[in-house]
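Close look at the chain arrangement
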Amino acid sequence: MIQRRGLKRWLLALAALHGVVACAGFFAPYDPAEQDRERPYLPPMKIHLVDAQGLHHLRPFFYAVRLRDGSFDQFEESTGQPLPLQFFVTGARYRLLGLVPTRLHLFGAQTSRIHLLGSDAYGRDQLSRILYGGQISLLAGLLGAGLTLFLGVLVGATAGYYGGWRDGLFMRLAELFAALPWLYLLFALRAFLPLAVSPVRAFFLIILVIGAVGWARPARLVRGVVLSARERDFVRAARGFGATDGYLLRRHILPETSSVILTQAAILVPQFVLAEMTLSFLGLGVPEPVPTWGNLLASLQQYSVLLSYWWMYVPALAIVPFFLGYLGLASTLHQDAGIGKIERTSSWNSW
Amino acid sequence: MEELLKVENLEKHYENTGVLGTKKEVAALRGVSFSISARSTLALVGESGSGKSTLAFCIACLERPTSGSIIFRGEEIAARPEEEQRTVRPKIQLVFQDPTRSLNPRFSALEIVSEPLLVQGQCSKREREDKARALLAQVGIPQQKALHKADEFSGGQRQRLAIARALALEPKLLILDEALSALDCSVQAQISNLLLELQSLLGLTYLFITHDLAMAGHLADEIAVMEQGKIVELGPVEKVLRSPEQKVTQRLIMATPRLTDAADGLVVA
Amino acid sequence: MRYLLHRLTQAVFLLIGASLLTFLFSTLAPGNYFDEMRLNPQISPETVTALRAQYQLDRPLPVRYARWVRSLLRGEMGFSFSYNTPVAPLLWVRARNTLLLTVFATLFAWALALPLGIWSATTLGRAPDRALSWATAALLVIPDLVLALGLLILAVRSGWFPTGGMVSVGFENFSRIQQFRDVASHMELPVIALVLSALPILVRHVRAAVAEVLEAPFLRAAASHGIRRSRLLCRYALRAAANPLISLFGFSVGALLSGSLLVEVVMSWPGLGPLLLEAILARDLYVVIGGVLFSTMFLVLGNFLADLLVYWADPRIRTRTAAQ
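Residues numbered from 1 in each chain as written. Chains lettered and ligands numbered in written order. Predicted model: local features only at pLDDT ≥ 70, side-chain atom pairs only at ≥ 80, totals over all residues.

Time to look at the overall build of chain B. Counting its secondary structure elements, chain B contains 10 helices and 10 strands. For 269 residues, the compact-globule formula gives about 18 Å, and the C-alpha radius of gyration of chain B, at 19 Å, lands near that figure. Along the first, second and third principal axes, the C-alpha atoms of chain B reach 55 × 55 × 45 Å. Counting over 269 residues, chain B shows a buried share of 43%. For chain B, contacts bridging at least 24 residues in sequence account for 68% of all contacts bridging at least 6. (Helix = DSSP H or I, 4+ residues; strand = E, 2+ residues; numbered from the N terminus. Rg over C-alpha atoms; globule rule 2.2 N^0.38 Å. Buried ≥ 20, exposed ≤ 12 C-beta atoms within 10 Å, placed from the backbone. Contact = placed C-beta atoms within 7 Å.)

Dropping the structure here:
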C-alpha cells in the first residue's frame, strides 16, 4: 500500500516536470532563437518588490540593465525606472504542445527584456533556451530508452524462449556490449557516423547511437524472466491445447516482463538524457542553433565563461529534478532501500 | 470395451549436461506398456521420481518419447510431427497438480476456460463465451464470478476451473496429474465426486496419476504401479489392493493412512 | 588455477571481440578522413590516393583488420593520421595519465566507501545511517557531468585548485619533489570529481552487502559465543561480505573509467578521454579504435584483478574448481 502511494507521488512529480517542459512555449517568455547582440551575457535579473527609494510596489518589478561606467562587461541595474513584471502576456508566436498556435506566455515585460536566468553570447534568454532545450534532451532520452528496451526485449525474449544457438549467440554478444566501458562504446559508435549534420538528423542519429549501446542489460533481465516464465505450468497447459509460440509469448510470457521493463525504463531514461547532454556538450550531439541542455553548456569549455559568466552553468542543474524523480520512481518500483527510507532496524545493535 | 489408449514399450531418456560438459543420461521411462479402455479410469501410482509425470507428458504430446509407441483411438501419435500432433492434442487433455501454477493469475475465469477455444480458433467470440459459461456451470462455478481473476478463487475452485478448461475442447482422455494432491481433504472429496459425475455424463476416460492409494481405490477401475520408469504391477483395483504382488505396492499400501473397516481391511477413502 | 586460466581466456576473447566490434562500427563511416582531405584544395588528389593506398583504407574489412592485428603485434596499433605517428606510443602516454587518475580515484573512493558503508550497516535505521542515506541520495541525483562542471566553476572562481592540465608552466625546471607535488595538486580536482560521482553507489552497495551479512545466522551464532563486536565485524562479517564487494570492485573500475573520460575532457587532464574526443572530431580512425581498446583492456584487467582477489579470498572457489 505504501508502495503504491509512493509510486503515485513520483509519477505525479515527473508528470508535472515533463508537463512544464512540454509547454515550454507558455512558460518561456521568449523565443529561444531571439537574439539581442547588443547586450550579450547579461547576468540574471532580480525581481523586486521594494524599489531603490524604499517604496513598496504592489506588482513585482525589475530594473533594466546598463553597462557600468568604464567597464566592458560589468552590468548594473538602472534603478531609475522600475519595469513591471506582467503575467499572461502576449509575446512571440509558438505552438502549444506542437498543436495549438497561440501567443500567450506566463510572464513577460513590455519595454525591456527580462532575463531571469541571464542571457548568452548572442543575447538569447537562457530561461527560454533551457525550457525548449529540455524538450529535445528529454525526448532524446525517452526515445533512446524506448529503442533500447525494444531491442532488449526482442533479444532477451528470443534468447530466453528459443534457447539453443540463439541464446548462446545473443548472450555472448550481450556480454561483449556490457563489458565495454559504456561511454567509450557510445563515443566509438558516434565516431563513425557523420559529424556535421543538420540538427534533425543529428537528433535521430544520437537516439540511434544511444539506443544501440545500452540493450545488453535489459536483454539479460528479460531473458531471465522469459526463461522462468516458459517453464510455468500455465504455459505448458496452453501448449497442451495447441497454442503457437507467438500466442504464448504474446499472452503469457511477455506480460510477465512488464515490471522488469518498467523498472529498466525508469533507470535508463535519465541515463540517456545525460548521454545526450554529454554528446551535445562535446559537440557530438545536436548542434546549434537548436538548444539542448548539452549544447547550452558547451560555452563552459571557455575559461572566460567559467570565470565571469557563472549563470551559463544553470542548464546543467535542469536535469537534477528529473534525475530525482526517475530515481525515486525506480527505487519504488524496485523496492530497494529507497531514497531516504529505511524500514528496519537490525539486530546487530541488540547484541 | 474398446481400447482408447495403448502404450507400448515407451522409453524416455533425458540428457543432463554436468558442470564440465560431461553428459549424463537419465532414463525416466524404461519400457512402459499398458492400455486403458474407453470410459474407464486407470490409476497410475508410484513414488516420486518413478516417472509418472513424464509418462503423462508423453501421452499428452508435451514431450516426445525416445522410443516406443502411443496408440490413441487406433492411431499412432507419438511419432507424428508437431503440426499433426496439434490436431490430436485437443482430444487428450491434462489437468495439473497445482492450480495456482497451472492457471495464469492475471486471467479471468472466463478467459481461462475459453483459452483452448481461442487457441484452436474455431469459434467466434460469442460462441466461445457461451461455451465457457456452460463449462463453468458444469463444474459448479457461479456465473457472477466469471470475470474474477484466477487468484481470487480458492484452491478447490481453481481446480474446478482447470477441469473446466480441460473439458473445453471435448477431450476423450483426461490425464489428471496429481490433480487432487494439493487440495484439502474435504475439497478432495468434492472434486473427486465432480470427476465421477463428469465421467458418466460425458463418457470420459481418465488416467489418474496419484501417490494416494486411497483416492486411487475410490476413483479407479484399474491400477498400475510404477517404479523407476517401469510398470511393475497392473490389474483391477480391488485385486491389486487386496493382494499386492510386488514389494513396492505393499510398501505403498502400508504407507497409506487407513480408516479401516474392520470387516474387510480395505483402505477406505 | 584452472579457474584463473578460464577467466584469462575469457578476458582475451573479450578483447578480441571488442576490437572486432569497433572495427565493425568503423565500417559505418560514410566518408572518411580522406574524403575530407580531398575537399581541401591545397592537397593534390594524387597525394590523397597515395595516402589511401598506404593506409589500406580502400581494402575490404577483413584485410584491414588483419593488417591492424599485424600492426598490433608489432606494437604499433595502426597509424594516426593527425599526429603522423604510430598509435601505440600516443596511447601509452595518455593511458598512463588516465590510469593515474583512475587508480587514485578508485583507492580514495573505496577508502571512503568501506568505512562509511560499514558504519551505515552497523547503525542501520539510526541517525548516522539516515544521514548517510540522504547524503548519498543527494549525490546520486547529481549526474557526473553536472558535478564535474560545477566543481570546475567552483575551482575557477575560488582559485583553490589549479584548473586544467596536469602540470604547471615551468614544470621541467622543478625539482623532483616539486614535480610530484605539482602533479598531485593538479590531480586533486579530477579525483574529487570522480570520487564524488562513484561514492554514493559504492556506499550503498557496501551497506547492503554488510547489512545482509550482519543478519546471517552464522554471525548470530558467533555472537552468542560471546565474541567481541569488533572482532565479529572484522574477522567474520567482512570476510563473508568480501565476495560481493570484490565483484563490486570490478564493476567500479569500469564505471570510473567511463567517468574519467568526461572528467578528463572537462578538466583538461591529458588522458585517453581528450585524445579520443580529438580523434573523433578529426576522424582519426586508428586512434579511436586504439583508445576504445585501451580502455577496454584496463576494464578487463580490473575485472581480472577482482577475480584474482576473489580466488584468494573465497576458499569455496578454490575447492569447487579442485573438485571438478
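Along its length, chain A carries 14 helices and 5 strands. Along the longest, intermediate and shortest principal axes, the C-alpha atoms of chain A span 85 × 55 × 50 Å. Burial status across chain A gives 44% buried among its 351 residues. Restricting the contact set of chain A to residue pairs at least 6 apart, pairs at least 24 apart contribute 67%.

Residue and element names in this part refer to chain C. Their axes nearest at 10 Å, the elements helix 5 (residues 87-122) and helix 12 (residues 285-313) cross at an angle of 40°. Regarding the angle of helix 5 to helix 12, the classification is oblique. At the point where helix 5 passes helix 12, the crossing takes the right-handed sense. Where helix 5 approaches helix 12, its residues Val87, Leu90, Leu91, Ala95 and Leu99 are matched on the opposing element by Tyr286, Val287, Gly290, Gly291, Phe294 and Phe298. Considering only residue class, the contact of helix 5 with helix 12 consists of 9 nonpolar, 2 polar and no charged. (Axes fitted to C-alpha atoms, helices over the stretch in contact; angles between N-to-C directions. Parallel < 35°, antiparallel > 145°, perpendicular 65-115°, else oblique. Left-handed = near helix turned anticlockwise from the far one by under 90°. Nonpolar A, V, L, I, M, F, W, Y, C, P; charged D, E, K, R; others polar.)

A word on the environment of Ala166(B). Residues and elements named next belong to chain B. Structurally, the position occupied by Ala166 is in helix 6 (residues 155-167). A residue is classified by how many C-beta atoms lie within 10 Å of it, and Ala166, with 27 of them, is buried. Through-space distance from the C-alpha of Ala166 to that of Phe208 is 14 Å; in sequence the pair is 42 residues apart.

Another point: the confidence of the model for chain A. Chain-level statistics for chain A give a pLDDT mean of 83 and a share of 94% at 70 or above. Below pLDDT 50 for its whole length, residues 336-347 of chain A participates in 24 contacts with residues either more than four positions away or in separate chains. (pLDDT = per-residue confidence, 0-100.)

With an omega dihedral of 0°, the bond running from Glu288(A) to Pro289(A) counts as a cis peptide bond. Positioned with a positive phi, Asn9(B) is a non-glycine residue whose angle comes to about 50°. You can see Asn9(B) is positioned in strand 1 (residues 3-17).

This part is about the sheet that holds strand 9 (residues 222-227) of chain B. Residue and element names in this part refer to chain B. Here we have 6 strands laid out as an open sheet, ordered 6-7-8-3-9-10, and mixed in their pairing. Each edge of the open sheet is held by one strand with a lone partner, namely strand 6 (92-95) and strand 10 (230-236). Taking the axes of each pair of neighbouring strands and ignoring which way they run, one obtains an average angle of 20° across the sheet. Direction of pairing for strand 9 relative to strand 10: antiparallel, over a ladder of 6 bridges. The partner of Ala224 across the bridge, within strand 10, is Leu234. In the packing of helix 1 (residues 52-59) onto the sheet, contacts are made with strand 3 (41-46), strand 6, strand 7 (173-177), strand 8 (205-210) and strand 9, and the angle to strand 7 comes to roughly 155°. The strands touched by helix 6 are strand 6 and strand 7; relative to strand 6, the strand with the most contacts, the crossing angle is about 170°. (Pairing = 2+ DSSP bridges.)

Let us look at the packing of helix 11 (residues 272-282) of chain C against helix 12 of chain C. Residues and elements named next belong to chain C. The interhelical angle for the contact between helix 11 and helix 12, taken along N-to-C directions, is 150°, at an axis separation of 9 Å. Between helix 11 and helix 12, the crossing angle belongs to the class labelled roughly antiparallel. Where helix 11 crosses over helix 12, the handedness of that crossing is left-handed. Contacts between helix 11 and helix 12 pair Leu272, Leu275, Leu276, Ala279 and Ile280 from the former with Val287, Val288, Gly291, Phe294 and Ser295 from the latter. Its residues placed into classes, the contact of helix 11 with helix 12 shows 8 nonpolar, 2 polar and no charged.

A few words now on the interface of chain C and chain A. Between chain C and chain A, the contact holds 50 residues from the first and 43 residues from the second. At the level of elements, helix 1 (2-26), helix 6 (127-140), helix 7 (144-158), helix 8 (176-214), helix 10 (229-266), helix 11 and helix 12 of chain C are the ones that each hand at least two residues to the side of chain C that touches chain A. When residues in the side of chain C that touches chain A are grouped by element, the largest group, 8 residues, is from helix 7 of chain C. Classifying every residue of the side of chain C that touches chain A gives 34 nonpolar, 11 polar and 5 charged.

With that settled, the discussion passes to the environment of Glu111(B). Mapped onto the secondary structure, Glu111(B) falls in helix 4 (residues 109-120). Overall, Glu111(B) belongs to the buried group, with 20 C-beta atoms counted inside 10 Å.

Take the nonpolar core next. One finds Phe208(B), Ala148(C) and Leu149(C) to be the most contacted residues of the largest nonpolar core, which totals 251 residues. Element by element, the count of residues in this core is highest for helix 8 of chain C, at 16 residues. Apart from residues lying up to four places away in sequence, Leu149(C) is in contact with Leu297(A), Leu300(A), Tyr313(A), Ala316(A) and Val266(C). (Core = buried A, V, L, I, M, F, W, Y, C linked by C-beta atoms within 7 Å.)

Below, the discussion takes up the sheet that holds strand 1 (residues 48-50) of chain A. Residue and element names in this part refer to chain A. Spatially, 3 strands are ordered 1-2-3 in an open sheet, and the strand pairing comes out antiparallel. Sheet topology places strand 1 and strand 3 (75-84) at the edges, where each strand pairs with a single neighbour. The sheet shows a mean angle of 50° between the axes of neighbouring strands, taken without regard to direction. Pairing between strand 2 (residues 56-67) and strand 3: 6 bridges, direction antiparallel. Across the sheet, the residue bridging to Phe62 is Leu83, located in strand 3.

Residues and elements named next belong to chain B. For strand 8, the buried fraction is high: 6 of the 6 residues fall into the buried class. With 5 bridges connecting them, strand 3 and strand 8 associate as parallel partners. Bridging across to strand 8, Val45 finds its partner in Thr210. Relative to strand 8, strand 7 runs parallel, the two being bridged by 5 bridges.

This part is about the pairing of strand 7 of chain B. All names here are of chain B. Among the 5 residues in strand 7, 5 count as buried, and that is most of the element. Side-chain alternation along strand 7 places Leu173, Ile175 and Asp177 on one buried face and Leu174 and Leu176 on a second face that is also buried. Strand direction decides the pairing type here: strand 6 and strand 7, joined by 4 bridges, are parallel. In the strand pairing of strand 7, Val95 is matched with Leu176. Taken together, strand 7, helix 7 (residues 185-202) and strand 8 form a β-α-β motif whose crossover is right-handed. (Right-handed = clockwise from strand over helix to strand, strands pointing away.)

What follows deals with the confidence of the model for chain B. Looking at chain B, pLDDT values average 83 and 93% of them are 70 or higher. The ipTM, which scores confidence in the relative placement of chains, is 0.84 for this predicted complex, and the corresponding pTM is 0.82.

Here we come to the environment of Asn193(B). Relative to the helices and strands, Asn193(B) is located in helix 7. Between the alpha carbons of Asn193(B) and Leu4(B) there is a distance of 23 Å; along the sequence they are 189 residues apart.

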